[in-house]
Amino acid sequence: MSAIAPETLSVPRYRPIAMLLHWLIALGLVGMVAGGMTLHSMIDATQTGRDHVLFGPDGAIASTLAFSAIHKSVGFTVFALVLVRIAYRLANPPPPLPATMKAWERVAAHGTHILLYGLMLAMPISGWLMVSASPWGIPTVLYGLIEVPHILPQNAEVEAAMKSVHDGLSKLLIAAFVLHVAAALRHQFVLKDGVLLRMMPARRTT
Ligand code: HEM
């Protein structure tokens, strides 16, 4: 017979769907940032005729296009998950923060969460605007199945501006992500107030 570990019982938790969405999106974002940086260096290598460190000289354009298609497909998937997460959160507000948290800590936590949600929306939208405006006119076909319409007329200057936005926001996303993880670890190992456990399923003992 298994039982819930006693030290985790008293923590008010997020609902299982909120936890699932949180961890899926977190995983998706890590993959998207790493994949986006790889894509950027592949495009750079393709445009300058250099060999790519990972993908070599063969089929540079084909592998860049294939990698870009994956980045766009997963990016739209993360976008959809973020929209579901926001709708779910509005319908199911999170459990209250521990009463021991100081006013500045609450403000910092809410501020980082709002920043993260804003960036999680702005990243796919700026990517979508970028590929829409691209003079290359490469279609966006999710997983090779569903074509997503392009929402801007082709214009190299708009594409370049959206590329700068997408790149700049990705740096801000990394900073907000690091801050969020650091705060979660501080709650777990310094304050020991169970805040991280709110996003973890109750641990079972045997
Ligand atoms: C959660 C969503 C997304 C994240 C976190 C993300 C992240 C990134 C990052 C970190 C880069 C590298 C930026 C650089 O170093 O210049 C990148 C590049 C890129 N992303 Fe995204 N992205 C997302 C969604 C999308 C979507 C939905 C699209 C298109 C529909 C897209 C299209 C691109 C393209 C084309 C590049 C290459 C830009 C270039 O260097 O020419 N991204 N992305």
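Our structure is the block above this text.
Residues numbered from 1 in each chain as written. Predicted model: local features only at pLDDT ≥ 70, side-chain atom pairs only at ≥ 80, totals over all residues.

## Re the nonpolar core
Where a protein is soluble and globular, its nonpolar side chains tend to be buried together.
Then step 1. Grouped together as the largest cluster of nonpolar side chains are ten residues: Ile25, Leu29, Met32, Val78, Val82, Leu119, Met120, Met123, Leu173 and Ala176.
Then step 2. Every residue in contact with Met123, bar those within four places of it in the chain, is listed here: His166, Leu169, Ser170 and Leu173.
Then step 3. Formed by six residues, the second largest nonpolar core is a distinct cluster that contains Trp128, Val131, Ala133 and Met162. (Core = buried A, V, L, I, M, F, W, Y, C linked by C-beta atoms within 7 Å. Buried ≥ 20, exposed ≤ 12 C-beta atoms within 10 Å, placed from the backbone. Contact = placed C-beta atoms within 7 Å.)

## Thoughts on the site of the ligand
Then step 1. Around the ligand, the structure places 25 residues, and the nearest of them are Gly36, Gly75, Gly127, Asp167 and Ser170.
Then step 2. Residue assignment for the shell around the ligand shows that the elements contributing at least two residues are α1 (16-48), α2 (60-91), α3 (103-133) and α4 (156-191).
Then step 3. At eight residues, the largest contribution of residues to the shell around the ligand is made by α1.
Then step 4. Among the residues forming the shell around the ligand, the class breakdown is 13 nonpolar, nine polar and three charged. (Near = placed C-beta within 6 Å. Helix = DSSP H or I, 4+ residues; strand = E, 2+ residues; numbered from the N terminus. Nonpolar A, V, L, I, M, F, W, Y, C, P; charged D, E, K, R; others polar.)

## Topic: unusual backbone geometry
Then step 1. Even without glycine at this site, Tyr143 takes up a positive phi of about 50°.
Then step 2. Relative to the helices and strands, Tyr143 is located in the loop between β2 (140-142) and β3 (146-148).
Then step 3. According to the C-beta neighbour criterion, Tyr143 is exposed, with 12 such atoms within 10 Å.
Then step 4. Backbone geometry places Lys192, a non-glycine residue, at a positive phi of 50°.

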